[in-house]
Amino acid sequence: MAIARGANAGAIIRGATLALVMLGVVQGPVVWAQQKSITVASTTSTENSGLFKHILPLFKNKTGIDVRVVAQGTGQALDTGKRGDADVVFVHDKAKELALVKDGAFVNRHDVMYNDFVVVGPKADPAKAGGGRDVVAALKKIASAKAPFASRGDKSGTHSAELRLWKAAGIDVADGKGSWYREAGSGMGATLNTAAGMNAYALTDRGTWLSFKNKADLTISVEGDNRLFNQYGVMLVNPARHAHVKKELGQLFIDWLVSAAGQQAIADYKINGEQLFFPNAAR
Amino acid sequence: MNSMGEAFSAAWQMLAGFDAELAQIVGLSLQVSITAVVIATLLGLPLGAAIAVGRFPGRQSLIVLLNALMGLPPVVVGLVVYLLLSRAGPLGSLGILFTPQAMVIAQTILIAPIIAALSRQTIEDAWREYDEQLRSLGAHRLTAAMTLIWDTRFSLLTIVLAGFGRAAAEVGAVMIVGGNIDGVTRVMTTAIALETSKGDLPLALGLGIVLIGLVLLLNALAAIIRELALRRYG
Amino acid sequence: MLPLELHELSYAVGDTQIIRGISARIEAGPRTVILGPNGAGKSVLMRLCHGLLKPTAGRIIWHGARNGDVRRHQAMVFQRPVMLRRSALGNVMYGLKLAGKSRSECELRAMDVLEVVGLAQHASRPARVLSGGEQQRLALARAWALGPDVLFLDEPTANLDPSAAQDIESIINAIHASGTKIIMTTHNLGQARRLGDEILFLSNGRLKEHAPIDRFFREPASTEAAAFIKGELPWQ
């Protein structure tokens, strides 16, 4: 009977769809469980630079460990580590990192690499801040010209560094909020998009800048100041506080990063022939 | 517009070259959102039907609440689920933060109210039409609810598709609970957010075109099924 | 089930009184037609008897029926047929399945009834694509298949053209002949004359007359009934 045939076809379609879905749902956790892996909370700038895509396969080849990078702002990454939602944290705010190690949230902190920050700005350079090496002088010029400046405003390592520089210049950016000082409240890339869109100055790490594809009319205004030095560090989430932390696998990653092999891998990462990060782990 | 043209060619290149990474991202997006929609339907549809045919104190308030929950901001849902699944949170021992399972949970929470609220409306409208006849034939409320679900199946399918569309399009929830981990929890929307933050706008737009194309394809498929079934069942 | 007794039956919605204190005794056998102008309360009275509405005062007593599933032995056909989104056969089988019959029993009985009402060739077609007249025939088939003691019909041909209405009327007579009690509303005098053995005349929610059909038309006892009979144009 025609009705019976229709019912059968419908049942087959329904059954097939359900099977496909179940396969998808089941396959997930099964595959998941089989892999050796650690979760590393790092920063968007490190992720966006492409460094991880370069060095993590090398680590996996050597140890078979899958490194799963959750890229957040430094503030959020440190919080993730404190909560125990990651095994290792890899950020660039040495002052905060050391404070948290002292607090007992993290252990086994090591310097890994450094790069530098640069100030980028419009080619036309309305504040006449560009060309020199003195970042504090440049910031003073930007503030007095009330030239638009895009800040990350998100408690990241870059944001902390930026605030320290304004302080060194003796400028209270609260005065400029809403007019020339624009807080994007975003990651580095999003903030650079904003800066490009409104032809503003901004502080960025060189790694992100080199790999950023929407430079528009912006160029490097200030570079080479010692105060623009940006140190990256790696540390293990304290297993005494979070029993589930994969301390052996996490430690393997930390050890590799500071080893000759890891340090070389970092140095080898280049964009258009330019090196982004400079390894400086203690020997 | 230059970037539009670049975007279309980026999209075409990715598709034509069967880019493996794209395939993985698309596959995960479908897996997460389809699973979420299935679970949300299994939860939301009976709830909507029960409220549609039931009569109990507080029913009107429940309907208002359900309708309001349709507008849950994805980023808030993501944050709440994150706090629940975090190791420092009540369900931390499950250890499913930053996994596709967490993403499925967040999206299910997001779209279950949509499915419940809209199916409630659809079934209640049908109930008004069928109410007397079904009761005359001797159907109790539970039987009536099931009959109505079957009879309104085409409208319900549209609702399920709407739920899927919402899930596949959102980025706030899956970004927070998934962490956008390369190869593990990166889906179309978070990939677009990432490429945008890298300033690679044509690529981001290209991914966006692929995403829209996918949703269009799914809806076209559903429309064909609906058309065939309509002809058979009227 | 019958006789059906109504004691001071009343029904109100908010402040509006729709049925006012109706008392009557409806026996098995004759085809009962509830007649009256629009708004008299005919449909509401039927729904009260069938149990779709609860009276706000008064009582409905079915004789010989256990207080539980009175509705199992009744069926109702509405002015507009409500068909499920499935085949004609499926619609007829729906009620039978609810009554607990096995699938093969349902199918057999449903096909039999469809034969009798002349819809057998449409059995596997979607019910909703049938014409208005065919759908109403299907509704009758669905109700009849249940083998009810009482069949309620609420203005069953009001939306149909004369030839479709004629089909419906002959099926109603066939159902009556098979032993089912017919209780029907209409505002159409001609139909009342054709299908009625006794008349309940309603006006403004009150039962004005309860009489055998000949006496009703010859000597209507109430002024409202007389006016109603006169007011109707002869060809309706």
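Residues numbered from 1 in each chain as written. Chains lettered and ligands numbered in written order. Predicted model: local features only at pLDDT ≥ 70, side-chain atom pairs only at ≥ 80, totals over all residues.

Caption draft 1: Structural view of the overall build of chain C. Scanning chain C from N- to C-terminus turns up eight helices and nine strands. Relative to the globule expectation of 18 Å for 236 residues, the C-alpha radius of gyration of chain C, 18 Å, shows essentially globular dimensions. When the backbone C-alpha atoms are referred to their principal axes, chain C occupies close to 50 × 45 × 35 Å. In chain C, buried positions account for 41% of the 236 residues. Pairs at least 24 apart in sequence give 67% of the contacts found in chain C among residues at least 6 apart. (Helix = DSSP H or I, 4+ residues; strand = E, 2+ residues; numbered from the N terminus. Rg over C-alpha atoms; globule rule 2.2 N^0.38 Å. Buried ≥ 20, exposed ≤ 12 C-beta atoms within 10 Å, placed from the backbone. Contact = placed C-beta atoms within 7 Å.)

Caption draft 2: Examining the overall build of chain B more closely. The helix and strand inventory of chain B stands at ten helices and zero strands. Listing each helix as α and each strand as β along chain B from the N terminus yields α-α-α-α-α-α-α-α-α-α. On the principal axes, the C-alpha backbone points of chain B span a range of 65 × 50 × 30 Å. Each of the 234 residues in chain B was classed as buried or not, and the buried ones make up 50%. Nonlocal contacts in chain B, meaning residues at least 24 apart in sequence, comprise 78% of its contacts between residues at least 6 apart.

Caption draft 3: Inspection of the pairing of strand β5 (residues 74–77) of chain C at higher detail. All names here are of chain C. With burial as the criterion, each face of β5 is covered, one bearing Gln74 and Met76 and the other bearing Ala75 and Val77. Of the pairings in the sheet, the one linking β5 to strand β6 (residues 150–154) comprises four bridges and is parallel in character. Residue Ala75 lies in a different strand from β6, and its bridge partner there is Leu151. (Pairing = 2+ DSSP bridges.)

Caption draft 4: Seen up close, the sheet that holds β6(C). Residue and element names in this part refer to chain C. Strand order in the open sheet formed by six strands is β5-β6-β7-β3-β8-β9, and the pairing between neighbours is mixed. The open sheet is flanked by β5 and β9 (206–212), the only strands paired with a single partner. In this sheet, adjacent strand axes meet at a mean angle of 15° when their direction is disregarded. (Axes fitted to C-alpha atoms, helices over the stretch in contact; angles between N-to-C directions.)

Caption draft 5: Just the sheet that holds strand β2 (residues 16–26) of chain C, in detail. All names here are of chain C. What the three strands build is an open sheet, ordered β2-β1-β4; its pairing is antiparallel. Of all strands in the sheet, those bounded by a partner on one side alone are β2 and β4 (57–62). The average undirected angle you get between the axes of adjacent strands in this sheet is 20°. Two elements, strand β1 (residues 4–13) and β4, share five bridges in a ladder whose sense is antiparallel. The residue bridging Glu5 from the neighbouring strand is Ile61, located in β4. Sheet contacts for helix α1 (residues 42–50): β1, β2 and β4; angle to β2, the most-contacted strand, approximately 60°.

Caption draft 6: Seen up close, helix α5 (residues 100–136) of chain B. Along α5(B), the largest kink reaches about 60° and is centred on B:Tyr130. α5(B) sits mainly inside the fold: 28 of its 37 residues count as buried. (Bend = angle between axes of the 7 residues up to and from the residue.)

Caption draft 7: Focus on the confidence of the model for chain C. Put simply, chain C has an average pLDDT of 90, and 95% of its residues get 70 or more. Confidence metrics for the complex model read pTM 0.83 and ipTM 0.89. (pLDDT = per-residue confidence, 0-100.)

Caption draft 8: The arrangement of unusual backbone geometry in detail. Positive phi outside glycine occurs at A:Asn108, with the angle close to 55°. Mapped onto the elements of the fold, A:Asn108 is located in strand β4 (residues 106–122). For A:Asn108, a count of 16 C-beta atoms within 10 Å gives the class partly exposed. Unusually for a residue other than glycine, C:Glu155 sits at a positive phi of about 45°. On the secondary structure map, C:Glu155 appears in the loop between β6 and α5 (162–177). Residue classification places C:Glu155 among the buried residues on the basis of 20 C-beta atoms within 10 Å.

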